[in-house]
Amino acid sequence: MAEITSLNDFFIEHPMYHRSLAELMGVSTSIVDKWSNGDRRVSQRTLKELNRLHIFLNTNPQIRDKYVKVAQCAV
């Protein structure tokens, strides 16, 4: 399992809304928005939490399915 080294890495592995990540991490949506926009730097502590969450979501698919966005293809 690849290590998460940035917020972008996390969203590639687990595409979800900012509010969903905020809920899972116990922070406000505005904090996740600031990390995503580059207004606030993602700390080493946050990266550790993102890696912990990455492992948790990969080992609990029923929880992952609740938070990850699923795109529907138009036919």
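From a predicted model like this one, the values you see are computed outputs, not experimental measurements.

Caption draft 1: Broad picture of the pattern of salt bridges. Scanning the entire structure with this criterion turns up one salt bridge. Its salt-bridge partner being Arg-52, residue Glu-49 comes within 2.6 Å of it at the nearest N-O pair. One end of the pair, Glu-49, and the other, Arg-52, are both in helix H4 (residues 44-59), three residues apart, so they sit about a helical turn from each other. Owing to a relative accessible area of 42%, Arg-52 belongs among the partly exposed residues under this scheme.

Caption draft 2: Summary view of the nonpolar core. Judged by nonpolar contacts, the single largest core of 19 residues is most densely connected at Phe-10, Met-16, Leu-21 and Leu-50. Broken down by secondary-structure element, the contributors of at least two residues to this core are helix H1 (7-13), helix H2 (18-25), helix H3 (29-37) and H4. With sequence-adjacent residues up to four places away left out, Phe-10 is seen in contact with Ile-4, Met-16, Leu-21, Leu-50, Leu-53, His-54 and Leu-57.

Basis of the calculations
- Residues numbered from 1 in each chain as written.
- Predicted model: local features only at pLDDT ≥ 70, side-chain atom pairs only at ≥ 80, totals over all residues.
- Heavy atoms only, no water.
- Salt bridge = Lys/Arg side-chain N within 4 Å of Asp/Glu carboxyl O.
- Helix = DSSP H or I, 4+ residues; strand = E, 2+ residues; numbered from the N terminus.
- Buried < 20%, exposed > 50% of the residue type's maximum accessible area, 1.4 Å probe, protein only.
- Core = buried A, V, L, I, M, F, W, Y, C linked by side-chain atoms within 4.5 Å.
- Contact = heavy atoms within 4.5 Å.

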